[in-house]
Amino acid sequence: MKSIQVVVATDGSGDVSSIDGVGVASVSHAANAYTVTLDDKYSKLMGVQVIGPVTATWHLDSHDVSGAKTVVVTSSAVQASGDIMIVLDVKNSSVK
């Protein structure tokens, strides 16, 4: 299993201003959802953790780590400026 961590800096509207993390190609934002596009494909998504600057409930909206290389997390509240940390645990082989 591999853990991928990305810190997403947001502006006042929640839009992505910069990202810092290894293994992540990009992060985009639309309507309280953040789409993380990974550098590589993985066989399975094992877990997701999101830590944001406001009190909000985060949930996994969709994922396709073996095809499109994307994970979408959605927040119950609009993000103000600040950092969001997203941690993705992925399985990178067929070994159990």
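The structure reproduced in this document is the subject of the present report. (Residues numbered from 1 in each chain as written. Predicted model: local features only at pLDDT ≥ 70, side-chain atom pairs only at ≥ 80, totals over all residues. Heavy atoms only, no water.)

So, the overall build of the protein chain
Regarding its fold elements, the protein chain presents zero helices and eight strands. The order of α-helices and β-strands along the protein chain, N terminus first, is β-β-β-β-β-β-β-β. Along the first, second and third principal axes, the C-alpha atoms of the protein chain reach 40 × 20 × 20 Å. When contacts within the protein chain are restricted to residue pairs at least 6 apart in sequence, those whose partners lie at least 24 apart make up 58%. Entry remark: accessible area of the protein chain is about 5100 Å², with carbon and sulfur atoms responsible for 50%. Taken together, the 6 basic and 9 acidic charged side chains of the protein chain have centroids lying 17 Å from each other. (Helix = DSSP H or I, 4+ residues; strand = E, 2+ residues; numbered from the N terminus. Contact = heavy atoms within 4.5 Å. Areas by Shrake-Rupley, 256 points an atom, 1.4 Å probe, with all protein chains shown as cover. Lys, Arg positive; Asp, Glu negative; His and termini not counted. Charge placed at Lys NZ, Arg CZ, Asp CG, Glu CD.)

Looking at the environment of aspartate 64
Counting through the fold element by element, aspartate 64 comes out in strand β6 (residues 58-64). A relative accessible area of 31% means that aspartate 64 is categorised as partly exposed. Sequence-wise, aspartate 64 and valine 22 are 42 residues apart; in three dimensions their C-alpha atoms are separated by 19 Å. (Buried < 20%, exposed > 50% of the residue type's maximum accessible area, 1.4 Å probe, protein only.)

A closer look at the sheet that holds strand β8 (residues 82-91)
The sheet built from four strands is open, its strands ordered β2-β1-β8-β5 with antiparallel pairing. In the strand order of this sheet, the two ends are held by β2 (16-21) and β5 (44-51), each with one partner. The mean angle between the axes of side-by-side strands here comes to 20 degrees, regardless of whether they run parallel or antiparallel. The pairing of strand β1 (residues 2-10) with β2 spans five bridges and is antiparallel. When the bridges of β2 are listed, alanine 9 appears paired with serine 18. (Pairing = 2+ DSSP bridges. Axes fitted to C-alpha atoms, helices over the stretch in contact; angles between N-to-C directions.)

Focus: the nonpolar core
Residues Leu38, Ile86 and Leu88 are the most contacted members of the largest nonpolar core, which totals 19 residues. The leading source of residues in this core is β8, at four residues. (Core = buried A, V, L, I, M, F, W, Y, C linked by side-chain atoms within 4.5 Å.)

Observations concerning the pairing of β6
Of the strand pairs in this sheet, β6 and strand β7 (residues 70-75) are connected by six bridges, and their pairing is antiparallel. Considered in β7, the bridge of serine 62 is made with valine 72. Between β6 and β7, which pair antiparallel in sequence order, lie five residues; one of them, lysine 69, sits at a positive phi of approximately 65 degrees.

Overview of the environment of serine 81
Examined against the element boundaries, serine 81 turns out to sit in the loop between β7 and β8. The spatial distance from the C-alpha of serine 81 to the C-alpha of serine 3 is 25 Å, given a sequence separation of 78 residues. Beyond its immediate stretch of four places on either side in the chain, serine 81 contacts Thr10, Asp11, Gly12 and Pro53.

A word on unusual backbone geometry
Positive phi values are uncommon outside glycine, yet alanine 31 reaches one of about 50 degrees. In this fold, alanine 31 is placed in the loop between β3 (24-30) and β4 (33-38). A positive phi angle, close to 65 degrees, is found at asparagine 32, a residue other than glycine. Note that asparagine 32 resides in the loop between β3 and β4.

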